[in-house]
Amino acid sequence: DAKTTQPPSMDCAEGRAANLPCNHSTISGNEYVYWYRQIHSQGPQYIIHGLKNNETNEMASLIITEDRKSSTLILPHATLRDTAVYYCIVKSNSGGSNYKLTFGKGTLLTVNP
Amino acid sequence: GAVVSQHPSRVICKSGTSVKIECRSLDFQATTMFWYRQFPKKSLMLMATSNEGSKATYEQGVEKDKFLINHASLTLSTLTVTSAHPEDSSFYICSARRGTGGEMLYEKLFFGSGTQLSVL
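A.B. asks: Got a minute to help me understand the sheet that holds strand S3 (residues 31-38) of chain A in this structure?
C.D. replies: The strands making up a sheet are joined through hydrogen bonds of the backbone, oriented either antiparallel or parallel. Residue and element names in this part refer to chain A. Strand order across the open sheet formed by 5 strands is S1-S9-S8-S3-S4, with mixed pairing between neighbours. Unpaired on one side and paired on the other, strand S1 (9-13) and strand S4 (45-50) mark the two borders of the sheet. Here the strands of the sheet are splayed against their neighbours by 25 degrees on average, with no regard to which way each runs. Pairing analysis gives 3 bridges linking strand S8 (residues 84-92) to strand S9 (residues 107-112), with the strands arranged antiparallel. Considered in S9, the bridge of Tyr86 is made with Thr107.

In structure tokens, the structure reads:
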């Protein structure tokens, strides 16, 4: 699985957009970019994923650069409840024996009032 | 969305006792479940992969006799921490894979809310 690099922490004002970057320069053609988040003392929660095209759902938007070496998760209007650790994970869906999700250190996003 | 229920959410036990943690998929069948451990301010570490009806696969460095995993039905997996010691105190999280087949759809991976284990 390709390695990802994220800033350890970020701050955002409530109501503003939160843009969380992730570098994955060694991503291969069949690997997706997944984003999860973990609110304190809870289990992780799936947010969004993408392969090449930008994606949007009710939680967030995912912007993937054309060369796929980096991506940005966008929370359009951050709320205090969005304070969490955000994990960017690159995985192939081909399964087999390598279907384990490996969580790195992620980015602690703190949304301030 | 799919729900994974984990119980108990918090448990305190004495050193030397065993503790069982349950992970249930409430509205789907889960042929594969995963168990993670998380120490304070650290990331999740995968402990083992549990497949219904077969023995669990443990990650390197995880003692299978210490952390007993049973996945006897398509909706329930249990993790038993045997002869718990203070160093086993941690946040334990399960996840369940919805669907089967060779393709692993990570958006179909749902996590429980975790169990905080404190061993005195």
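Read on for the rest.
A.B. asks: I would appreciate a short explanation of the state of the cysteines in the present structure.
C.D. replies: Counted by the stated rule, this structure contains 2 disulfides over all chains. A sulfur-sulfur separation of 2.1 Å characterises the disulfide bridge that pairs Cys22(A) with Cys88(A). For the disulfide bridge between Cys22(A) and Cys88(A), the dihedral angle about the S-S bond is near -80 degrees, and by the sign convention the bridge is left-handed. Of this pair, Cys22(A) sits in strand S2 (residues 18-23) while Cys88(A) sits in strand S8, and the two are 66 residues apart along the sequence. Both residues of the pair, Cys22(A) and Cys88(A), count as buried. The cysteine Cys12(A) is free of any disulfide, with Cys22(A) supplying the nearest cysteine sulfur at 18 Å. Sulfur of Cys13(B): no disulfide; nearest cysteine sulfur belongs to Cys94(B) and is 18 Å away. By relative accessible area, Cys13(B) is classed as buried at 9%.

The rules we used
- Residues numbered from 1 in each chain as written.
- Chains lettered and ligands numbered in written order.
- Predicted model: local features only at pLDDT ≥ 70, side-chain atom pairs only at ≥ 80, totals over all residues.
- Heavy atoms only, no water.
- Pairing = 2+ DSSP bridges.
- Helix = DSSP H or I, 4+ residues; strand = E, 2+ residues; numbered from the N terminus.
- Axes fitted to C-alpha atoms, helices over the stretch in contact; angles between N-to-C directions.
- Disulfide = S-S within 2.5 Å.
- Buried < 20%, exposed > 50% of the residue type's maximum accessible area, 1.4 Å probe, protein only.

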